[in-house]
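# An overview of the molecular structure
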Amino acid sequence: MPAEANPLRVAIAGASSLRGKELKELLEDGSFPTADIRLLDEEIAAGTLTEAAGEPALIQSIEEDSFERARFAFFTGTPAFAARHAAAAQRAGSTVIDLSGG
């Protein structure tokens, strides 16, 4: 199946943090084969306008289906945020990569 038909989805939980912003840039600029980046964060950051892959994007709060079809879930926010939501990412089948320091 061509990569365009089934793009690799990545979730960045903690997207408004400095680490989250740097990770997004690395994923976009590097050779990581992603076409769909979901930007997630705490409720207070939800609705923040940013960009992903050159297109306008909103940071979203974590919902029940936030990690659906995400191959990787990077946690870049606080350790407490990662602890609260990592299990949901695992249940959705995502490989969890905790960069929060927790």
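Just above, that's the structure.
Residues numbered from 1 in each chain as written. Predicted model: local features only at pLDDT ≥ 70, side-chain atom pairs only at ≥ 80, totals over all residues. Heavy atoms only, no water.

Let us now look at the overall build of the chain. The secondary structure content of the chain amounts to 2 helices and 7 strands. For the chain, the succession of helices and strands along the chain, N to C, is β-α-β-β-β-β-β-α-β. A globule of 102 residues ought to have a C-alpha radius of gyration of about 13 Å, and the chain, at 13 Å, matches this closely. For the chain, the C-alpha atoms occupy an extent of roughly 40 × 30 × 20 Å along the three principal directions. Looking at the chain as a whole, 39% of its 102 residues are labelled buried. For the chain, the share of sequence-separated contacts (at least 6 apart) that also reach a separation of at least 24 residues comes to 53%. Carbon and sulfur atoms provide 53% of the accessible area of the chain, an area that totals close to 6,000 Å². With 9 positive and 16 negative side-chain charges, the chain shows a spacing of 4 Å between the two charge centroids. (Helix = DSSP H or I, 4+ residues; strand = E, 2+ residues; numbered from the N terminus. Rg over C-alpha atoms; globule rule 2.2 N^0.38 Å. Buried < 20%, exposed > 50% of the residue type's maximum accessible area, 1.4 Å probe, protein only. Contact = heavy atoms within 4.5 Å. Areas by Shrake-Rupley, 256 points an atom, 1.4 Å probe, with all protein chains shown as cover. Lys, Arg positive; Asp, Glu negative; His and termini not counted. Charge placed at Lys NZ, Arg CZ, Asp CG, Glu CD.)

Attention now goes to the sheet that holds strand E5 (residues 60-61). One open sheet accounts for 5 strands, arranged E5-E2-E1-E6-E7; its pairing is parallel. Two strands bound the open sheet, and with one partner strand each, they are E5 and strand E7 (95-98). With 4 bridges connecting them, strand E6 (residues 70-75) and E7 associate as parallel partners. Bridge pairing links Phe-75 to Asp-98 in E7. Helix H1 (residues 18-29) contacts strand E1 (9-13), strand E2 (36-41) and E6 of the sheet and is inclined by roughly 160 degrees relative to E1. Its contacts with the sheet place helix H2 (residues 79-91) against E1, E2, E6 and E7, and it is angled at close to 170 degrees to E6. (Pairing = 2+ DSSP bridges. Axes fitted to C-alpha atoms, helices over the stretch in contact; angles between N-to-C directions.)

Moving on, we get to the environment of Val-10. Turning to its location among the elements, Val-10 is positioned in strand E1. According to the relative accessible area criterion, Val-10 is buried, its value standing at 0%. Considering only alpha carbons, one finds Val-10 and Gly-47, 37 residues apart in sequence, at a separation of 19 Å.

Our next topic: unusual backbone geometry. Of note in the backbone geometry, Arg-69 takes a positive phi value of approximately 65 degrees without being a glycine. With respect to the helices and strands, the residue Arg-69 is situated in the loop between E5 and E6.

Turning to the environment of Leu-26, a few remarks are in order. In this structure, Leu-26 sits in helix H1. Distance in space between the C-alpha atoms of Leu-26 and Gln-90 is 23 Å, their sequence separation being 64 residues.

That's the geometry; what it means functionally is another story.
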